[in-house]
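# Reading the structure
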Protein chains: 2
Amino acid sequence: MNAITAFEQSLLADIPLARAMQLRVDAYRDDELTLAAPLAPNVNDKGCAFGGSLASLLTLAGWGLIVLRLRTLGRDCEVYVQDSQMRYLAPVWEDFSAHARLADGETWSAFEAALAARGKARARVHCHVPLAAGGDACTLEARFVAIARP
Amino acid sequence: MNAITAFEQSLLADIPLARAMQLRVDAYRDDELTLAAPLAPNVNDKGCAFGGSLASLLTLAGWGLIVLRLRTLGRDCEVYVQDSQMRYLAPVWEDFSAHARLADGETWSAFEAALAARGKARARVHCHVPLAAGGDACTLEARFVAIARP
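This is a predicted model, so every value here is computed, not measured.

The helix and strand inventory of chain A stands at 4 helices and 6 strands. The C-alpha atoms of chain A give a radius of gyration of 15 Å, which matches the 15 Å a tight globule of 150 residues would have. If you line up chain A on its principal axes, its C-alpha atoms span 50 × 35 × 25 Å. The burial tally for chain A puts 51% of its 150 residues in the buried class. Looking at chain A alone, contacts between residues at least 24 apart form 67% of all its contacts between residues at least 6 apart. With 15 positive and 17 negative side-chain charges, chain A shows a spacing of 6 Å between the two charge centroids.

As structure tokens, then:
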């Protein structure tokens, strides 16, 4: 079982809401993690995607980006979200996916150096949900902290 | 059936994730709306409250505050969240509730005047999840727009 399948299975096993959303890992390559969810279990009263589902998928994509990087490095850390800014730009009437990558100005080398030096590191992550017709449905920028386990 | 019960039933009927979270309306008085959820269906991999559940409950509390006000006024509007800033301050190891009220500097009279004049109005809402031991687990400030239905 590879790291991606293991990550998806742990999300679904540990987080009941991830199961309710029918979340899956779509891709992890080129320093970008993509999580996907079908529309049906994630609708709101209008029949488009519920803002809470979008926020959850975006935040989990950002969190997963850090977690998977740490697993690649063989570092055992707890990863927490500290704060986030979300923009809702257009409604989502289709199955959707959340793409996460480091925000502009952030580097993995700085993150890893901080972790090695202090056992703690922060990173800002940029996440977005693209629409099939082009443009983004929503964006989220979030700051995460990783703390090495004793 | 009063407006609060009707609101809770519509949330649970229309939003599958609200059912998965076992959301309920806790109180609506003095211009504050409180939504509550049990911890068990809302845990993360660490066993405390999942950030997506917290973000969902906070956003729904803010949205509901506007929706219930509009119902009291007899105004038929669509209400959308536009953007939000969330801060995660402490983990939640207990059942939790999200409290929503207008943000500092906002007034219902300005909101209602804009809606009457232009058929559209915006309001910023401040939401927080208090901890039983004191202090907040997280806060969310969000901007909503209400648009009168033709």
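Once you've had a look at it, read on.
Residues and elements named next belong to chain A. Between helix α3 (residues 51-73) and helix α4 (residues 108-118), the shortest axis-to-axis distance is 12 Å and the interhelical angle comes to 65°. Taken together, the axes of α3 and α4 are roughly perpendicular relative to one another. By crossing handedness, the relation of α3 to α4 is classed as right-handed. The residues of α4 that touch α3, namely those facing Leu65, Ile66, Arg69, Leu70 and Leu73, are Trp108, Phe111, Glu112 and Leu115.

This part is about the nonpolar core. In this structure, Phe7, Leu35 and Ile66 of chain A together with Phe7, Leu35 and Ile66 of chain B are the most contacted members of the largest nonpolar core, which totals 106 residues. When neighbours within four sequence positions are excluded, isoleucine 66 of chain A is seen to be in contact with Val79, Trp108, Phe111, Ala123, Val125 and Phe144 of chain A.

Let us now look at helix α4 (residues 108-118) of chain B. Because each turn of an α-helix spans 3.6 residues, side chains separated by three or four positions end up pointing in the same direction. Residue and element names in this part refer to chain B. Listed in full, the buried residues belonging to α4 are Trp108, Phe111, Ala114 and Leu115. Projected onto a plane normal to the axis of α4, the buried residues spread over an arc of 130° and lie on a single side. Opposite the buried face of α4, by more than 90 degrees, sit the exposed residues Ser109, Ala116 and Ala117. Backbone geometry just downstream of α4 places glycine 119 in the positive-phi region, at approximately 70°.

Structural alignment of chain B on chain A gives an RMSD of 0.0 Å, achieved by rotating through 180° and translating 0.0 Å along the axis. Taken together, these values place the two copies in the relation of a two-fold axis. No C-alpha of chain B approaches the rotation axis more nearly than that of glutamine 85 of chain B, which lies at 2.2 Å. In this assembly the copies share their binding face: 100% of the residues contributing to the interface of chain B also contribute to that of chain A.

Residues and elements named next belong to chain B. Here lysine 120 lies in strand β5 (residues 120-130). Put simply, lysine 120 and alanine 146 are 26 residues apart on the chain and 5.6 Å apart in space, counted from C-alpha to C-alpha. Excluding residues within four positions of it along the chain, lysine 120 makes contact with Ala114, Leu115, Val145, Ala146 and Ile147.

Per the stated rule, a full pass over the model turns up 20 salt bridges over all chains. For aspartate 26 of chain A, the salt bridge goes to arginine 24 of chain A, with nearest N and O atoms at 3.0 Å. With a relative accessible area of 42%, arginine 24 of chain A lands in the partly exposed category. Here glutamate 141 of chain B ties to arginine 124 of chain B by a salt bridge, and the two come within 2.4 Å at their closest N and O atoms.

The next point concerns empty space enclosed by the protein. According to the stated counting rule, one finds 1 cavity of 30 Å³ or more in the structure shown. By volume, the largest cavity amounts to about 80 Å³. If you trace the largest cavity, you find it lined by Ala55, Thr59, Ser84, Met86, Tyr88 and Leu140 of chain A together with Ala55, Thr59, Ser84, Met86, Tyr88 and Leu140 of chain B. Secondary structure elements with two or more residues in the lining of the largest cavity: α3 and β3 (77-88) of chain A together with α3 (51-73) and β3 (77-88) of chain B. Of the residues belonging to the lining of the largest cavity, the class tally is 8 nonpolar, 4 polar and no charged.

Cut-off values and rules
Residues numbered from 1 in each chain as written. Chains lettered and ligands numbered in written order. Predicted model: local features only at pLDDT ≥ 70, side-chain atom pairs only at ≥ 80, totals over all residues. Heavy atoms only, no water. Helix = DSSP H or I, 4+ residues; strand = E, 2+ residues; numbered from the N terminus. Rg over C-alpha atoms; globule rule 2.2 N^0.38 Å. Buried < 20%, exposed > 50% of the residue type's maximum accessible area, 1.4 Å probe, protein only. Contact = heavy atoms within 4.5 Å. Lys, Arg positive; Asp, Glu negative; His and termini not counted. Charge placed at Lys NZ, Arg CZ, Asp CG, Glu CD. Axes fitted to C-alpha atoms, helices over the stretch in contact; angles between N-to-C directions. Parallel < 35°, antiparallel > 145°, perpendicular 65-115°, else oblique. Left-handed = near helix turned anticlockwise from the far one by under 90°. Core = buried A, V, L, I, M, F, W, Y, C linked by side-chain atoms within 4.5 Å. Arc of directions from axis to C-beta. Least-squares fit on C-alpha atoms with pLDDT ≥ 70 in both. Salt bridge = Lys/Arg side-chain N within 4 Å of Asp/Glu carboxyl O. 1 Å grid on protein atoms, 1.4 Å probe; cavity = no way out; pocket = protein on both sides within 12 Å on 5 of 7 lines; lining within 4 Å. Points joined across faces, edges and corners; volume = space filled by probe spheres on them. Nonpolar A, V, L, I, M, F, W, Y, C, P; charged D, E, K, R; others polar.

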